[in-house]
Amino acid sequence: MFKNLINGEWVDGPRASRNINPSDTRDLIGEYAQADVAQARAAIAAARAAFGRWSLSTPQQRFDVLDAAGTEILARRAELGDLLAREEGKTLPEAIGEVVRAGNIFKFFAGEALRVGGEVIPSVRPGVGVEVTREPVGVVGLITPWNFPIAIPAWKIAPALAFGNSVVLKPADLVPGSAWQLADILKRAGLPDGVFNLVMGRGAEVGAELLENRQVDAISFTGSVATGQRVAAACVARGAKFQLEMGGKNPFVVLDDANLDVAVAAAVNSGFFSTGQRCTASSRLIVTAGIHDRFVAAVVERMKALKVDDARKAGTDIGPVVDERQLAQDLEYIAIAKAEGATLAAGGEALPTSSAGAPGFYLTPALFTGTAPAMRINQEEVFGPVVSVIQAKDYDEALALANDTPFGLATGIATTSLKHATHFKRHAQAGMVMVNLPTAGVDYHVPFGGRKASSHGPREQGKYAAEFYTTVKTAYTQA
């Protein structure tokens, strides 16, 4: 039994959830305590009590804790990566890469703890000095998704602690293992009791308490649009600060002048790696007429070589879908696309077992051609290895189609034209733009976030994280 961490103590919950390996559903990773409302309140109270002292801690104290956590994460990359692949289903190399990213994030924000500065500004009035400083927001509730079970918690926890906030983390029910390991690492890194609290549990109980409890000063949420809207409404009602990262229907444009190999590699990576379960995945490939047929044929050929198998098996390109419910959703959208008249060019087949005969949630990547922009497959987020191709006559139409979505997280283009690349970077309606690169794959030291229905509030990651996790104070002094 893996317990919750509340005020520095490991605490049992009234219930427990079973963490199952999607590559082999016979494999029980462990049982994880489920907190109730009372325990969520206790965690929030502990964070509130610890905030005063931690908010006044020195930058060196905060650096030491975050640096120690980052060092341990990096040292245990193979072990933690194996756990991540086992509980979430992304391939072992991808999982280890995510762990490394988490460790680097803690190291980066250890440095940021030392760089929190301010400004001394002359007043417009004689004899008056003005100081502009940043202070921590307070108690921060973090609600994280299942698709990046260590990196997303890391990029929320690290800046929150670096800037002097106390934290209550509610991870996704499907992947508690990675979050528990983070909690254990932080506890042993020297963090004072109550500064960081882990409350695994149901969104209807633990998540709701984080949203409604007036002792929580800010909420950072990553997840679905519908839940994000509920987070926003609850926070607005009581005046809490909030930050939302939600859905995407990311386009990847391929122009006639693109390098075919580069375009195919970027499109396949964007659409299918991590089983397509990335908010930055490109599920819409917008391809101009002159290269369309060659591009589709090359993508189908590349898909034939992809190995769908156990996430931890060497040579696996695509692991399982995260659980039975997500697999059912993917298959439902495949059926919808067929019913709407799209052509299934490759894949889309559910596989009951791995190559070794282990029962799991396997799906061969699906590619649809002959699709129209209005089809549901091009409007709604599937969140699986399901990709559609839309043909465009030229660059202008491709750009218009790329922007024709209520979302605006990431977008990409494959082209050898400096003119089109430059124009696309300026006119693409997204928070992140990739040129000749997969849309999924970002650096940890620069801002992450989108526009429109994809995001709300200040950006995550990099120095821009300070905009959410701190508040600005202006002080006037007359000597």
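Each residue is numbered by its place in its chain's sequence as written, counting from 1. Only residues with pLDDT of 70 or above have their local features reported here, since the model is predicted, and side-chain atom pairs are shown and tallied only from 80 upward, although totals for entire chains, interfaces and linings are computed over all residues. As a convention, hydrogens and water are excluded, and side-chain values are obtained from all of the structure's heavy atoms.

Undergrad: Where do I start with the packing of helix H2 (residues 59–75) against helix H4 (residues 92–114) in this structure?
TA: When two helices pack together, their arrangement is given by the angle between the helix axes and by the axis-to-axis distance. Convention adopted: a line fitted to C-alpha atoms gives each axis, helices being fitted over their contacting stretch, and angles between N-to-C directions are expressed from 0 to 180 degrees. Runs of E in the DSSP output that reach at least two residues are strands. Runs of H or I that reach at least four are helices, and both are numbered from the N terminus. Remark: H2 packs on H4, axes separated minimally by 8 Å, with the N-to-C direction vectors making an angle of 165°. As far as their axial angle goes, H4 and H2 are roughly antiparallel. As H2 runs across H4, the sense of the crossing is left-handed. Contacts between H2 and H4 involve Pro59, Gln60, Arg62, Phe63, Leu66, Asp67, Ala69, Gly70, Thr71, Ile73 and Leu74 from the former and Val99, Val100, Ala102, Gly103, Asn104, Phe106, Lys107, Phe109, Ala110, Gly111, Ala113 and Leu114 from the latter. Considering only residue class, the contact of H2 with H4 consists of 14 nonpolar, six polar and three charged. Oblique is the label for every angle not falling under 35 degrees (roughly parallel), over 145 degrees (roughly antiparallel), or within 65 to 115 degrees (roughly perpendicular). Less than a right angle of anticlockwise turn of the near helix away from the far helix marks a crossing as left-handed, whereas a clockwise turn marks it as right-handed. Working rule for contacts: check all heavy atoms of both residues, and any pair within 4.5 Å makes them a contact. Three residue categories are used. Nonpolar comprises Ala, Val, Leu, Ile, Met, Phe, Trp, Tyr, Cys and Pro, charged comprises Asp, Glu, Lys and Arg, and polar comprises the others, including Gly.

Undergrad: Would you take a moment to explain the pairing of strand S6 (residues 128–136) for this structure?
TA: In summary, the side chains of a regular strand alternate between the two faces of the sheet. Two strands pair when backbone bridges link them, and strand S5 (residues 119–122) and S6 are joined in this way by four bridges, in the antiparallel orientation. Paired with Glu119 across the two strands is Val132, which belongs to S6. In this antiparallel pair of consecutive strands, S5 and S6, the connection spans five residues, and Gly127 shows a positive phi of 80°. A pair of strands is labelled paired if DSSP reports no fewer than 2 bridges between them. When S6 meets strand S24 (residues 470–478), the two strands line up antiparallel, connected through nine bridges. Bridge assignment links Glu135 to a residue of S24, and that residue is Thr471.

Undergrad: Would you take a moment to explain the environment of Ile377 for this structure?
TA: Relative to the helices and strands, Ile377 resides in the loop between strand S17 (366–369) and strand S18 (386–392). Sequence-wise, Ile377 and Lys338 are 39 residues apart; in three dimensions their C-alpha atoms are separated by 9.6 Å.

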